[in-house]
Amino acid sequence: FKNAEGKPVGLEAVANDLTEDYRYLWGAYAGMKGSASLEEVKKSEQFIDFKAKLYFLYEAINDTYGPTVGYPWVLYLFAGYSVKQVAALAEASNDVNLGDSIRKVKYTSSTTLPGQSGVLSVSHTHGLRLTPEIANTMHVLTGAGFDIYVSTASLEDVVRVFAMLPKYGYNVPPENVLGLRLEMDGDTYQPRYRKGWPLNYGPGKTELIKRELVAKKGYGPALVFGDSDGDFDMLRDFPDTRLGVLVNRLKKGNIGSLCKLGAEQMGRADARYVLQGRDERTGQWIPEEATLKLGAADKKLLA
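About the criteria used
- Residues numbered from 1 in each chain as written.
- Predicted model: local features only at pLDDT ≥ 70, side-chain atom pairs only at ≥ 80, totals over all residues.
- Heavy atoms only, no water.
- Pairing = 2+ DSSP bridges.
- Helix = DSSP H or I, 4+ residues; strand = E, 2+ residues; numbered from the N terminus.
- Axes fitted to C-alpha atoms, helices over the stretch in contact; angles between N-to-C directions.
- Contact = heavy atoms within 4.5 Å.
- Patch = residues over 30% accessible without salt bridge, like charges linked within 9 Å, V, L, I, M, F, W, Y side chains within 5 Å.
- Areas by Shrake-Rupley, 256 points an atom, 1.4 Å probe, with all protein chains shown as cover.
- Salt bridge = Lys/Arg side-chain N within 4 Å of Asp/Glu carboxyl O.
- Buried < 20%, exposed > 50% of the residue type's maximum accessible area, 1.4 Å probe, protein only.
- Polar contact = N/O pair within 3.5 Å; in protein donor to acceptor, adjacent residues only side chain to side chain.

Chemist: How would you summarise the sheet that holds strand 9 (residues 273-276) if you had to cite specific residues and measurements?
Modeler: Spatial ordering of the open sheet is given by 7-8-9, a layout of 3 strands whose pairing is parallel. On the outer flanks of this sheet lie strand 7 (223-226) and strand 9, each paired with one strand and no other. Recorded for the sheet is a direction-independent mean angle of 20 degrees between the axes of neighbouring strands. Here strand 8 (residues 243-247) runs beside strand 9; their pairing, made up of 4 bridges, is parallel. The partner of Val245 across the bridge, within strand 9, is Val274. Each of strand 8 and strand 9 is contacted by helix 10 (residues 253-264), which is oriented at about 100 degrees to strand 9, the strand it contacts most.

See the structure below:
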């Protein structure tokens, strides 16, 4: 990861720049007893710098150290918040992004405040969509006596908001959301991962399903949906699973190997894996296996 001058960027330099930006923002905002309004603060060079460099740092940590480091790290930004505050923040974010267009935006940090790391650029895809096919599947299976669970590599309390609130259409019981957890002080999050709780990513998803479901029910999941390497293990590790549905994001790696199997098994009644395509311009599923990537002209079946 390099800055605009082509020089390598270190984690400590970006962290120091973020600290300086945040110190200014904390003191300036009227909500924190400063004199500036939120709109004024958002126009400041410090906010522009903070936003771009925080996105940059998240991508850099994940690409350098992997999700087992990056996924817990980003949750530490919730330190000091209560469960109720994070739930309110998640709901507001969901609602804003459901109303936003799906687009890829390039963010560049302040050129007047290069700081220790220099001028940094990073791209981020905006927009969020509901998936009525998933909601329908959940409701039909629930009516047939199946229990529905959500396995997430995000903070449980954030995903619970989307999974359980009736206005989003999924109506999953909050206790059926299994994800990442932080240590707590009462109802306040601490910047430490929960001791003894599996990291619900990759093999950790299988571990958590065995611990929280198989140990209590005596069997594994009948149907598993997934779309990334983080879902690879739970898609293949349980002999009770009759079908794995792969939301086709045209990925390579471990999930790509399962997508290849899905493509080879297309049309077979006994298929172990099936592909579900989507149109990334709209964020909606389409009735075929191939996917149209955001910015692409033609649909593809495999990466």
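Chemist: Explain the side chain of Ser110 to me, and be specific about the residues and the numbers.
Modeler: Looking at where Ser110 falls in the secondary structure, it is placed in the loop between strand 1 (103-108) and strand 2 (121-126). For Ser110, the contacting residues outside a window of four places in its chain are Glu45, Ile48, Asp49 and Val119.

Chemist: Outline a nonpolar patch on the surface, supporting the account with residue identities and numerical values.
Modeler: A cluster of nonpolar side chains, contributed by Leu11, Tyr65 and Val69, occupies part of the molecular surface with about 280 Å² of accessible area. By secondary structure assignment, the location of Leu11 is in helix 1 (residues 11-28). Using a relative accessible area of 42% as the deciding quantity, one classes Leu11 as partly exposed.

Chemist: Kindly report on the side chain of Asp279, identifying the contributing residues and their values.
Modeler: By the secondary structure assignment, Asp279 is in strand 10 (residues 278-279). Side-chain polar atoms of Asp279 contact the side chain of Arg281, separated by 2.8 Å. Every residue in contact with Asp279, bar those within four places of it in the chain, is listed here: Gln284, Ile286 and Leu292.

Chemist: Kindly report on unusual backbone geometry, identifying the contributing residues and their values.
Modeler: Phi angles above zero are rare outside glycine, and Asn171 is one such case at about 55 degrees. By relative accessible area, Asn171 is classed as partly exposed at 41%. Residues other than glycine seldom take positive phi values, yet Leu250 does so here, at roughly 55 degrees. Along the polypeptide, Leu250 turns up in the loop between strand 8 and helix 10.

Chemist: Quick one: what's the story with the pattern of salt bridges, residue by residue and with numbers?
Modeler: Counted according to the given criterion, the structure contains 23 salt bridges. Note that Asp49 and Lys53 form a salt bridge whose closest N and O atoms lie 3.3 Å from each other. Residue Asp49 and its partner Lys53 are located together in helix 3 (residues 45-65), separated by 4 residues, close to a single helical turn. The same class applies to Asp49 and to Lys53, which are both buried. A salt bridge links Glu91 to Lys167; the shortest N-O distance between them is 2.7 Å. Taken together, the residues Glu91 in helix 5 (residues 83-98) and Lys167 in the loop between helix 7 (156-164) and strand 4 (177-180) connect sequence positions 76 residues apart. A relative accessible area of 27% places Glu91 in the partly exposed class. Look at Lys167 and you get partly exposed, because its relative accessible area is 45%. It is possible to trace a salt-bridge network through shared partners that takes in Glu156, Asp157, Arg160 and Arg181.

Everything listed here is a matter of coordinates, which is why it stays silent on function.
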